[in-house]
Amino acid sequence: MNWAAIAAIYRFEMTRFFRTLLQSFFSPVLSTSLYFVVFGTAIGSRIQEIEGVSYGAFIVPGLIMLSVVMLAISNASFGIYFPKFLGTIYELLSAPVNFLEIVIGYVGAAATKALFVGLVILATATLFVEIRIQHPLAMAAFLILTCLSFSLLGFIIGIWAGNFEQMSLVPQLVVTPLIFLGGTFYSITMLPPVWQTVTLFNPVVYLISGFRWSFYGLADVPIGLSLLAIAAFTGGCLAVIWWIFKTGWRIRS
Amino acid sequence: MSTILSIENLRKFYDGGFEALKGVSLDIAEGEILALLGPNGAGKTTLISTVCGITTPSSGRVTVGGHDIQSDFRAARQMIGLVPQEIALEPFEKVMNTVRFSRGLFGHRRDDARMEEILRKLSLWEKRNAAIRELSGGMKRRVLIAKALAHEPRVLFLDEPTAGVDVELRKDMWDIVAELKRAGVTIILTTHYIEEAEAIADRVGVINNGELLLVQDKASLMAQMGQKQIEVMLVERIDAIPDALSSYELALNGAGDSLIYTYDVHGERTGITALLNDVAQAGLTLRDVSTRQSSLEEIFVSLVSEDAA
């Protein structure tokens, strides 16, 4: 393994993050605060509690997931798409690095940034509501796995994308609806039975349900199933990346 | 000198069946400067991209320092530096950071002394903390060279290093290349400026339609392929070449005061003595005589047009 190269890519990506630290820090703080004002206060005043948890506290895991997932995708896709767009990818392709090292460098950096923002949102949420974390280890595992797996997805999108429009296509048209319909702001038990069944086809449900369980012990689906879902998703992304590595798809002519 | 880069029967088919390289074979000796000449689309960049790992070869074998570029790609690429044709740099990044990144990418530890040496050599030291977007085009090209040299390669590829740069910067580039050669770096550059090859290369390769038409020592190429011209300047103008001189392949210049005779330097007889005698016999008075050797450009044009025929 060319560890120096992995470190170089990771550092280079993190430098970009630190260059815009204020933006990286305040933007999630602001958007989280807005969600609390709009959803927590306005809607929360009508929904007092869900299974014994105040509505404001109930939406915290979903809010963290929402931001973490979107940021992991955008960081990783931008990270690898930008060199393609600028032409600087020639350097990665002519360096003594294999695809795995490139993936570790970019995905590692994207996941770190998403994790940082996830923790910032968690800290911001404590200013608005009382939060308890019943299963801290499971919470950390879910958070880290989510950061990693969606960074992998972002990396795939970045490799696939031929222009900036395509880069935002998947996050906006697929991921955002899945997250909003995945129980970020409600428990799926609040839906009519038919929609409950439909919702079970949304993979994000398992993610948010598992993450919320690590906070409050509340879950829409069994926790084992949530773990299995995120493991399968990570495995799927790794398989696609392995295939890209084998074929050089969209990278090497 | 030992061979540092060996290319054997290299072929490249792109999707759609276009054959960009048609079995190119080439050995490059350590420490030499080879200029690859060819028109646009000849396969120069594909050749470089394939050796450097950006493009996958369809068949054939390439070794760098004895290391196969596919089965032993790490060792092979470690020896290669590439300066691409297009200026491709992250605009917001600082000069020092981007050069340091390149060194790390090739598996080298951070070495500030080495970085300083490279940046000073390329007159970039004062700009080390400047963002790339603040630099002039010439400075950006220097940054690309600095990045390519950051891991101390033994073979440097320069893909059209002076395309679109002004005369002064071109001369600077030639000086940089000469200095790298003195330091023992093998240099392969592509260009379509013949004067560039003429000025700095040890050997010249001509590539067209994916085929290497020739690779030869520059001096011997010019001597072998070169034709010379003798210009016989006359005191009085003439309207047409006199019949007495019709056995020679002569051309009359536009002003009618010079006869131009083209001959092969390596021919058994150049015919110069006889021509001069016959010119005098035809009643023409000589004002002056000059000779001119054909340039690499003419050699190149004739090779490429022969190839197209």
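Residues numbered from 1 in each chain as written. Chains lettered and ligands numbered in written order. Predicted model: local features only at pLDDT ≥ 70, side-chain atom pairs only at ≥ 80, totals over all residues. Heavy atoms only, no water.

## A closer look at the interface of chain B and chain A
Stage number 1. Contacts between the two partners involve 30 residues from chain B, matched on the other side by 25 residues from chain A.
Stage number 2. Here chain B and chain A share an interface that buries about 2500 Å² over both sides, 59% of which is from carbon and sulfur atoms.
Stage number 3. Joining chain B to chain A, the criterion identifies four salt bridges.
Stage number 4. Close ionic contact of Arg74 of chain B with Glu101 of chain A constitutes a salt bridge, the shortest N to O distance being 2.8 Å.
Stage number 5. Of all the secondary-structure elements, those providing two or more residues to the side of chain B that touches chain A are helix 2 (73-78), helix 3 (95-105) and helix 5 (137-149) of chain B.
Stage number 6. The leading source of residues in the side of chain B that touches chain A is helix 3 of chain B, at six residues. (Contact = heavy atoms within 4.5 Å. Buried area = accessible area lost by both parts, 1.4 Å probe. Salt bridge = Lys/Arg side-chain N within 4 Å of Asp/Glu carboxyl O. Helix = DSSP H or I, 4+ residues; strand = E, 2+ residues; numbered from the N terminus.)

## Re the UniProt feature "domain: ABC transmembrane type-2" (unreviewed entry) in chain A
Stage number 1. Mapped onto this structure's residue numbering, the UniProt feature "domain: ABC transmembrane type-2" (unreviewed entry) falls at residues 19-248 of chain A.
Stage number 2. Taken end to end, residues 19-248 of chain A is 78% helix and 2% strand, and its first and last C-alpha atoms sit 32 Å apart. (UniProt positions renumbered as here; feature names shortened; annotations may be inferred.)

## Examining the packing of helix 1 (residues 3-19) of chain A against helix 3 of chain B
For any two helices packed against each other, one specifies the inter-axial angle together with the distance between the axes.
Stage number 1. Look at helix 1 of chain A against helix 3 of chain B: their axes get within 7 Å of each other, and the N-to-C directions meet at 155 degrees. It follows from the interaxial angle that helix 1 of chain A and helix 3 of chain B lie roughly antiparallel. Residues Ala4, Ala5, Ala8, Ile9, Phe12 and Thr15 of chain A of helix 1 of chain A form the contact with helix 3 of chain B, whose own contacting residues are Asn97, Thr98, Phe101, Gly104 and Leu105 of chain B.
Stage number 2. By residue class, the composition of the contact of helix 1 of chain A with helix 3 of chain B is seven nonpolar, four polar and no charged. (Axes fitted to C-alpha atoms, helices over the stretch in contact; angles between N-to-C directions. Parallel < 35°, antiparallel > 145°, perpendicular 65-115°, else oblique. Nonpolar A, V, L, I, M, F, W, Y, C, P; charged D, E, K, R; others polar.)

## Let's talk about the UniProt feature "transmembrane region" (unreviewed entry) in chain A
All names here are of chain A.
Stage number 1. Feature annotation in UniProt places "transmembrane region" (unreviewed entry) on residues 20-43, 55-82, 102-129, 141-163, 169-188, 200-219 and 225-245, given in this structure's numbering.
Stage number 2. A helix fraction of 100% and a strand fraction of 0% characterise residues 55-82, whose end C-alpha atoms lie 40 Å from each other.
Stage number 3. The span residues 141-163 is 87% helix and 0% strand, and its two end C-alpha atoms sit 34 Å from each other.

## Let's talk about the packing of aromatic side chains
Stage number 1. Applying the stated criterion across every chain yields a total of 18 aromatic pairs over all chains.
Stage number 2. For the ring pair Phe17 of chain A and Phe116 of chain A, a centre distance of 5.5 Å and an interplane angle of 85 degrees mean the geometry is edge-to-face. Taken as a pair, Phe17 of chain A in helix 1 and Phe116 of chain A in helix 5 (residues 99-128) lie far apart in primary sequence, 99 residues in all.
Stage number 3. Residue classification places Phe17 of chain A among the buried positions, given a relative accessible area of 8%.
Stage number 4. According to the relative accessible area criterion, Phe116 of chain A is partly exposed, its value standing at 30%.
Stage number 5. Arranged with centres 4.7 Å apart and planes meeting at 40 degrees, the rings of Phe150 of chain A and Phe233 of chain A form a pair that is tilted. With Phe150 of chain A in helix 6 (residues 136-160) and Phe233 of chain A in helix 10 (residues 223-247), this residue pair connects regions lying 83 residues apart in the sequence.
Stage number 6. Assessed through its relative accessible area of 8%, Phe150 of chain A is described here as buried.
Stage number 7. Taken together through their ring pairs, the aromatic side chains of Phe99, Tyr106, Phe155 and Phe245 of chain A make up a single cluster.
Stage number 8. For Arg212 of chain A, the ring lying beneath its charged end belongs to Phe58 of chain A, and the centroid distance is 3.7 Å.
Stage number 9. A cation over a ring is seen here: Arg128 of chain B above Trp125 of chain B, with NZ or CZ 4.0 Å from the ring centre. (Phe/Tyr/Trp six-rings, centres within 6.5 Å; stacked < 30°, edge-to-face > 60°. Buried < 20%, exposed > 50% of the residue type's maximum accessible area, 1.4 Å probe, protein only. Lys NZ or Arg CZ within 6 Å of the ring centre and 35° of its normal.)

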